[in-house]
Amino acid sequence: MRETGLSSKKIGNNNGSLSVEACQLALITRWAGDHHINFWKQRIDKVLLNLLIENIQDQLSEPVLSLEKQISTAKEGLKANYNLGVRSYLWDILGWLIIHCGENLNPYTHGSELCINLLITCACLSFVDTLEKWCRICQKDIDDHFQSEPVSRAVLMMIHSPCNSVSSYTRFLLSDVLKVKGMPCLKSSIHTLDYTSSLESYGSFDKLQLVINLIGLTCLSSLPQYQRFIVESKAIKAVVLLVKRCLSNDIHVERHSFAPHLHTTWHERSCCCFDKEDWEGSNVLLFYSLLGLTEILHQCDLQDNPEQFSRELTNIRAQLVSKLHEICSSNSFSPGVRWYVSYILTYFGFYGFPNELAKRIGKSLNNEEYSDMKLIVANGDSVSVHVVILAVRCPSLLPPQLLPSRKSSEEVTDKFVAQTMREVRLSSHVDYEALVVLLEYVYSGCLHAGEETVKKLKILAKRCNLQPLLQMLYRQRPKWGTPFPSYNLTSSLGSAGSCFSDVILETKSNKLVGWICNICSDTVPHMHVHKVILQSGCDYLQGLFRSGMQESQSQVIKVDISWEALIKLVQWFYSDELPNPPSGCLWDNMDDEEKLFNLQPYVELCWLAEFWILENIQEACWNVIMSCLNSSRQLSVKIIKMAYNLSLWKLVDIAANLMAPSYRQLRDSGELEEFDDALVHLIYSASIQLNQEGKNCFRLFNILQDDS
């Protein structure tokens, strides 16, 4: 990029191809990381500017330019249409660099202030030109539409940059450029959104027009001179309708559909890199709609005009809230979508980050079953809680002597576990109502409260240092790229909660070479776990613990699976996620024995899930097994025996069908001699059926040939 960007001559075919390839490699800026610092240290700002404006360095004789000179220089440079083939890449790279710079990385520290300001100026000018073209309903002759979305997106990222210098300068410059065109563009954009959002169907042009106008509306809502007009216009109605239609799967727009520069061989290939979804997610129209709605709601809040929002939601309030909760709880949506949904839910009185595990654990709140502590307020009211949940989710509510970080696990266990119920008296400043609602968040991941309760809750949440909750209580908008808060209790398997364990899961294997428990020093593979967490995710275990039978009183439950399977099982109980086996080239480069070792735990869990009635685990295991068998059919020979011994008849049938084409080779090689006769007969029957289907297809083909 530097070699081609600093060249003062027109880029030839070879250098042009080299520039495209360099820009494609630079798309790694889409992911946050330390590599961003190296980009800035290598003067990426100067490189991008040289690729954007021909011979720009010859024009920068002075270190500082006036605003008028910057704008005129950028306008002249953009008119020359220099390097149009890489311009979409440049906007994407610039946007990602700016949005991932972080609060502690100021681009102006490493780069040239003039170069960075000129890049922002070029982006803002191109964006305003784009918005002016796309905000008209009947405009269908835009010749540079491939650049429209990348530059609009780049300006949006600049406005939302964590670097205040970049964000404030972008808003200042945008305000100046829009002095004359701003209000006409805004009115046309809102009118176009209102019209287009109600169309029955969408072509590729309509989808791109929606995206551009949504980004335009969101950018202009950050400028004070347009905020009141946006709040009082039809913008809320149009954006809410788009959100509703996206949530009902009526519209789905992927960025690749109008950003052809992202269609590269490198991008298509995923075997050598982790499949990490962008913060925005696959449906960018949903993301931009939620972002736009977030900005408008924020302005409604600042202007004390929430009634405008309420009027637009009168008819769809219940449906919208239900769907938004569903999105928040699902890992299938991107972090950005879930963040903005969480923010929007605060306007309905819901605060927090719900998910399926939290929903299960929430049922245990104020339930004395398995509880080991009572929190008592000044007037004597109390709430029954579980120390292990508080130790992970809100340790500030625990007395110092119960925190494993202050004492060793052995000290905590000796002094406190013998007590069946501990009582902790809280400060007289703690309000009971606020405490109950806070615990609702701690257990369930979210809470529902009115404005008066929220005021009390802010004080308690601040004392407990619950930062994500505080962000929602104060309605602070999410920062682009921030990971979505997870509800994960796996840390309680370590020092944070193992000392409060009340049951042990032990595997069928009594020996594991070199294995020693770091909690009790036993050499039999086992895990120290908690009944309150296990029973929340398994009706079988819940029934066992309540049965009163001998097993329910035992501190050890033997599970007839391997140690590797037990680790995955406990991981699911404590995180609602089942770890996946290695995939892509990592899987392809394994030998069959290693593949079988990685796949066997999922077969065991599939059997256990049927016995323990764990439908989610069973489905997840089936997906893993089928994916692995489809890519490595030779494993069917081993898997079918394992499935047969565990009476997993569905898996036996699937493996038999996969082995059917190789039946004769397996028979002749003697590999089937160690199989039971019934199993051999099953594979043989699958082979006969496959041959018969082949003959029928051949006959049908001949009939069709004769007819033609």
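In short, a report on the structure. (Residues numbered from 1 in each chain as written. Predicted model: local features only at pLDDT ≥ 70, side-chain atom pairs only at ≥ 80, totals over all residues. Heavy atoms only, no water.)

## Re the overall build of the protein
Next, step 1: Tallying secondary structure elements over the protein gives 37 helices and eight strands in all.
Next, step 2: Burial analysis of the protein (708 residues in total) assigns 53% to the buried set.
Next, step 3: Accessible area of the protein: about 33400 Å², with a carbon and sulfur share of 49%. (Helix = DSSP H or I, 4+ residues; strand = E, 2+ residues; numbered from the N terminus. Buried < 20%, exposed > 50% of the residue type's maximum accessible area, 1.4 Å probe, protein only. Areas by Shrake-Rupley, 256 points an atom, 1.4 Å probe, with all protein chains shown as cover.)

## Some points on the sheet that holds strand S7 (residues 526–529)
Next, step 1: Read across the open sheet, the three strands follow the order S7-S6-S8; overall the sheet is mixed. Edge positions in the sheet fall to S7 and strand S8 (556–559), since each has one partner strand and no second. Strand-to-strand twist in this sheet, taken as the mean axis angle between neighbours without regard to direction, amounts to 25°. (Pairing = 2+ DSSP bridges. Axes fitted to C-alpha atoms, helices over the stretch in contact; angles between N-to-C directions.)

## Side note on the environment of Leu78
Next, step 1: Assignment of secondary structure puts Leu78 in helix H6 (residues 67–79).
Next, step 2: Since its relative accessible area comes to 12%, Leu78 is described here as buried.
Next, step 3: Leave out the neighbours within four places in its chain, and Leu78 touches Leu52, Arg87, Cys122, Leu125 and Ser126. (Contact = heavy atoms within 4.5 Å.)

## Here's the deal with the nonpolar core
Next, step 1: Ranked by size, the top nonpolar core spans 238 residues in total, and within it Leu174, Leu375, Leu390, Leu435 and Leu569 carry the most contacts.
Next, step 2: If one sorts the elements of this core by residue count, helix H9 (residues 113–134) sits on top with 14 residues.
Next, step 3: Those residues in contact with Leu375 that sit more than four places away from it in its chain are Asp381, Ser382, Val383, Val385, Leu390, Leu397, Val424, Leu426, Leu435 and Leu439. (Core = buried A, V, L, I, M, F, W, Y, C linked by side-chain atoms within 4.5 Å.)

## Here's the deal with the packing of aromatic side chains
For any pair of aromatic rings, the description rests on two quantities: the centre-to-centre distance and the angle between the ring planes.
Next, step 1: In the structure shown here, the tally under the stated rule is 20 aromatic pairs.
Next, step 2: Between Trp607 and Phe611, the aromatic rings sit 6.4 Å apart at their centres with planes inclined by 15°, giving stacked as the arrangement. Of this pair, Trp607 and Phe611 both sit in helix H32 (residues 592–612), separated by four residues, roughly a single helical turn.
Next, step 3: You can call Phe611 partly exposed: its relative accessible area is 48%.
Next, step 4: Arranged with centres 5.5 Å apart and planes meeting at 55°, the rings of Tyr663 and Tyr684 form a pair that is tilted. Note that Tyr663 is positioned in helix H36 (residues 663–669) and Tyr684 in helix H37 (residues 677–707), a separation of 21 residues in sequence.
Next, step 5: Among the aromatic side chains, those forming a connected cluster through ring pairs are Trp279, Phe287, Tyr288, Tyr340 and Trp480.
Next, step 6: Lying across the ring of Tyr441, Arg393 places its NZ or CZ 5.3 Å from the centre. (Phe/Tyr/Trp six-rings, centres within 6.5 Å; stacked < 30°, edge-to-face > 60°. Lys NZ or Arg CZ within 6 Å of the ring centre and 35° of its normal.)

## Examining the pairing of strand S3 (residues 382–385)
As a general feature of sheets, a regular strand has side chains that alternate between the two faces.
Next, step 1: With four bridges connecting them, strand S2 (residues 373–376) and S3 associate as antiparallel partners. Bridge pairing in S3 links Leu375 to Val383.
Next, step 2: Between S2 and S3, which follow one another and run antiparallel, lie five residues, and Gly380 among them has a positive phi close to 95°.

## Quick look at H9
Next, step 1: In this model H9 runs 31 Å from its N-terminal to its C-terminal C-alpha over 22 residues, within 8% of the 32 Å that 1.5 Å per residue would give.
Next, step 2: Most of H9 is tucked away, with 18 of its 22 residues classed as buried. (Expected span 1.5 Å × (residues − 1).)

## Here's the deal with the environment of Ser204
Next, step 1: As for its position among the elements, Ser204 is in helix H13 (residues 204–220).
Next, step 2: Since its relative accessible area comes to 62%, Ser204 is described here as exposed.
Next, step 3: Along the backbone, Ser204 and Ser257 are 53 residues apart, and their C-alpha atoms lie at a distance of 7.8 Å.

## Comments concerning the sheet that holds S3
Next, step 1: Across the sheet, three strands lie side by side as S3-S2-S4; this open sheet has mixed pairing. Looking at the sheet topology across the chains shown, the edges are occupied by S3 and strand S4 (422–425). Neighbour-to-neighbour, the strand axes of this sheet turn through a mean angle of 25°, independent of strand direction.

## Focus: the side chain of Asn355
Next, step 1: For Asn355, the location among the structural elements is in the loop between strand S1 (350–352) and helix H21 (356–362).
Next, step 2: Owing to a relative accessible area of 13%, Asn355 belongs among the buried residues under this scheme.
Next, step 3: For Asn355, the side chain forms a polar contact with the main-chain nitrogen of Leu357, separated by 3.3 Å.
Next, step 4: Within polar-contact distance, the side chain of Asn355 engages the backbone nitrogen of Ala358 at 2.7 Å.
Next, step 5: What Asn355 contacts, discounting residues up to four positions off in sequence, is Ser329 and Tyr487. (Polar contact = N/O pair within 3.5 Å; in protein donor to acceptor, adjacent residues only side chain to side chain.)

## Quick notes on the pairing of S4
Next, step 1: Of the two faces of S4, the one holding Arg422 and Val424 is buried and the one holding Glu423 and Arg425 is not buried anywhere.
Next, step 2: Taken together, the four bridges between S2 and S4 define a ladder with parallel strand orientation. Bridged to Lys374 within S4 is Glu423.

## Observations regarding the packing of helix H30 (residues 563–575) against H32
Next, step 1: Put simply, H30 and H32 touch, their axes get as near as 8 Å, and they point 60° apart. Of the possible angle classes, the one that applies to H30 and H32 is oblique. Of the two possible hands of crossing, H30 and H32 adopt the one that is right-handed. Listed contacts from H32 to Glu564, Ala565, Lys568, Leu569 and Phe573 of H30 are Phe597, Pro601, Tyr602, Glu604, Leu605, Leu608 and Trp612.
Next, step 2: By residue class, the composition of the contact of H30 with H32 is nine nonpolar, no polar and three charged. (Parallel < 35°, antiparallel > 145°, perpendicular 65-115°, else oblique. Left-handed = near helix turned anticlockwise from the far one by under 90°. Nonpolar A, V, L, I, M, F, W, Y, C, P; charged D, E, K, R; others polar.)

## Section: the state of the cysteines
Next, step 1: Under the definition given, this model contains zero disulfides.
Next, step 2: Take Cys520: it sits in no disulfide, and the sulfur closest to it among the cysteines is that of Cys517, at 3.6 Å.
Next, step 3: With relative accessibility at 40%, the residue Cys520 sits in the partly exposed group. (Disulfide = S-S within 2.5 Å.)

## Topic: the packing of H6 against H9
Next, step 1: As a packed pair, H6 and H9 sit with axes 9 Å apart at the nearest point and diverge in direction by 65°. The way H6 lies across H9 gives a crossing that is right-handed. Residues Gln70, Ile71, Ala74, Lys75 and Leu78 of H6 form the contact with H9, whose own contacting residues are Leu114, Asn117, Leu118, Thr121, Cys122, Leu125 and Ser126.
Next, step 2: For the contact of H6 with H9, the residue count by class is seven nonpolar, four polar and one charged.

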